[in-house]
Amino acid sequence: RIGLSDDVEFGLLPPLLRALRQEAPQVVVVVQHVDYWRIPDLLASGEITVGISQTRGLPANAKRKLLRHIQPCLLRADASDTPLTLDEYCARPHVLVSHTANVAGFADEWLAEIGRTRQVVLSVPQYSSLPALLAGTKLIASLPDYAAAAMAASGQLYCEPFPFKTPTLDLSMVWLSHVDTDPAERWLRSRLEAFMSERAPLAS
């Protein structure tokens, strides 16, 4: 029972599942959607044994392993030889992915620090709807590099770096100390790390 934020599920889960089907075809994987504020409760209740997302405010008996640094990217449906400038980024309508139905996110905080704002015209609860929403529009969306790359792989969307410097975000794997030495859990964590960390081969 794995807790994944949906950007991780979209961008990093498929290669892992292909490998697990080969390596351990009898294993049943149950994925729950998590965010950093839900992980502690789901771990404590046993609904998940390991979670992967951005993490903060973990319980004292939690273990954490950094998997990768997240590079924020933007996604657009209109092809261009040149990336968006900061002015264009601020002028374009934005789709925000927010699990709490907010209309402001990390990018708005980062823009505020340089005295700029953007226009969020749509807030949706999950990343998986972005390809359909962006298609044929001037809308742009901000998302982690691995999710953006997975969506751009279809050939319908285009991924590019942010037009301004952003802080680094971290993606971590979290579990509770009582499953730390469990052989099955150790195996699962080793596979998660092998396929979802920065050093992971994208096809293996």
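Before reading further, recall that the structure is shown in the block above.
Residues numbered from 1 in each chain as written. Predicted model: local features only at pLDDT ≥ 70, side-chain atom pairs only at ≥ 80, totals over all residues. Heavy atoms only, no water.

Undergrad: Any chance you could explain the pairing of strand S3 (residues 50-53) here in plain terms?
TA: Here S3 shows two buried faces, one formed by Val 50 and Ile 52 and the other by Gly 51 and Ser 53. The pairing of strand S1 (residues 2-4) with S3 spans three bridges and is classified as parallel. Pairing of Leu 4 across the sheet is with Ile 52, part of S3. For S3 and strand S10 (residues 169-176), the ladder comprises three bridges, and the chain directions are antiparallel. (Buried < 20%, exposed > 50% of the residue type's maximum accessible area, 1.4 Å probe, protein only. Helix = DSSP H or I, 4+ residues; strand = E, 2+ residues; numbered from the N terminus. Pairing = 2+ DSSP bridges.)

Undergrad: I keep staring at the layout of surface pockets and nothing clicks. Help me out?
TA: It is a probe the size of a water molecule, rolled over the atoms, that shows where empty space is left. The computed volume of the largest pocket comes to approximately 680 Å³. As for the largest pocket, its lining consists of 33 residues, of which Gln 54, Val 97, His 99, Phe 106 and Tyr 127 are closest to the centre. Within the residue set of the lining of the largest pocket, elements represented by two or more residues are strand S6 (93-97), helix H5 (106-113), strand S8 (140-144) and S10. A class-by-class count of the residues in the lining of the largest pocket yields 19 nonpolar, nine polar and five charged. (1 Å grid on protein atoms, 1.4 Å probe; cavity = no way out; pocket = protein on both sides within 12 Å on 5 of 7 lines; lining within 4 Å. Points joined across faces, edges and corners; volume = space filled by probe spheres on them. Nonpolar A, V, L, I, M, F, W, Y, C, P; charged D, E, K, R; others polar.)

Undergrad: Could you clarify how one ought to interpret the packing of aromatic side chains in this entry?
TA: Aromatic rings in a pair are described by how distant their centres are and how their planes are angled relative to each other. A complete count under the given rule lists five aromatic pairs for this structure. Taken together, a centroid distance of 5.8 Å and an interplanar angle of 10° make the contact between Phe 106 and Trp 110 stacked. Separated by four residues within a single helix, Phe 106 and Trp 110 lie in helix H5, roughly one turn from each other. By way of ring pairs, the aromatic residues Tyr 89, Phe 106, Trp 110, Phe 162 and Phe 164 are connected into one cluster. (Phe/Tyr/Trp six-rings, centres within 6.5 Å; stacked < 30°, edge-to-face > 60°.)

Undergrad: Hey, could you run me through the nonpolar core in this one?
TA: Soluble globular proteins: nonpolar side chains tend toward being buried together. If you look at the biggest cluster of nonpolar residues, it comprises 48 residues, and the most contacted ones within it are Ile 52, Tyr 89, Leu 192 and Met 196. In terms of nonpolar packing, the next biggest core, distinct from the first, is built from eight residues, Val 34, Leu 42, Leu 43 and Val 174 among them. (Core = buried A, V, L, I, M, F, W, Y, C linked by side-chain atoms within 4.5 Å.)

Undergrad: I'm lost on unusual backbone geometry in this one. Help?
TA: For residues other than glycine, phi is negative in most cases, and the peptide bonds are mostly trans. Although it is not a glycine, Ala 101 sits at a positive phi angle of roughly 60°. Along the chain, Ala 101 turns up in the loop between S6 and H5. The exposure class of Ala 101 is exposed, given its relative accessible area of 66%.

Undergrad: Sorry if this is basic, but what is going on with the sheet that holds strand S4 (residues 62-70) here?
TA: Across a sheet, paired strands are connected by hydrogen bonds in the backbone, their directions being either parallel or antiparallel. Pairing in this open sheet of five strands is mixed, and the strands run S2-S1-S3-S10-S4 from one edge to the other. Strand pairing shows two members of the sheet lacking a second neighbour, strand S2 (31-33) and S4, which therefore form its edges. Adjacent strand axes in the sheet meet at a mean angle of 20°, parallel and antiparallel pairs treated alike. (Axes fitted to C-alpha atoms, helices over the stretch in contact; angles between N-to-C directions.)

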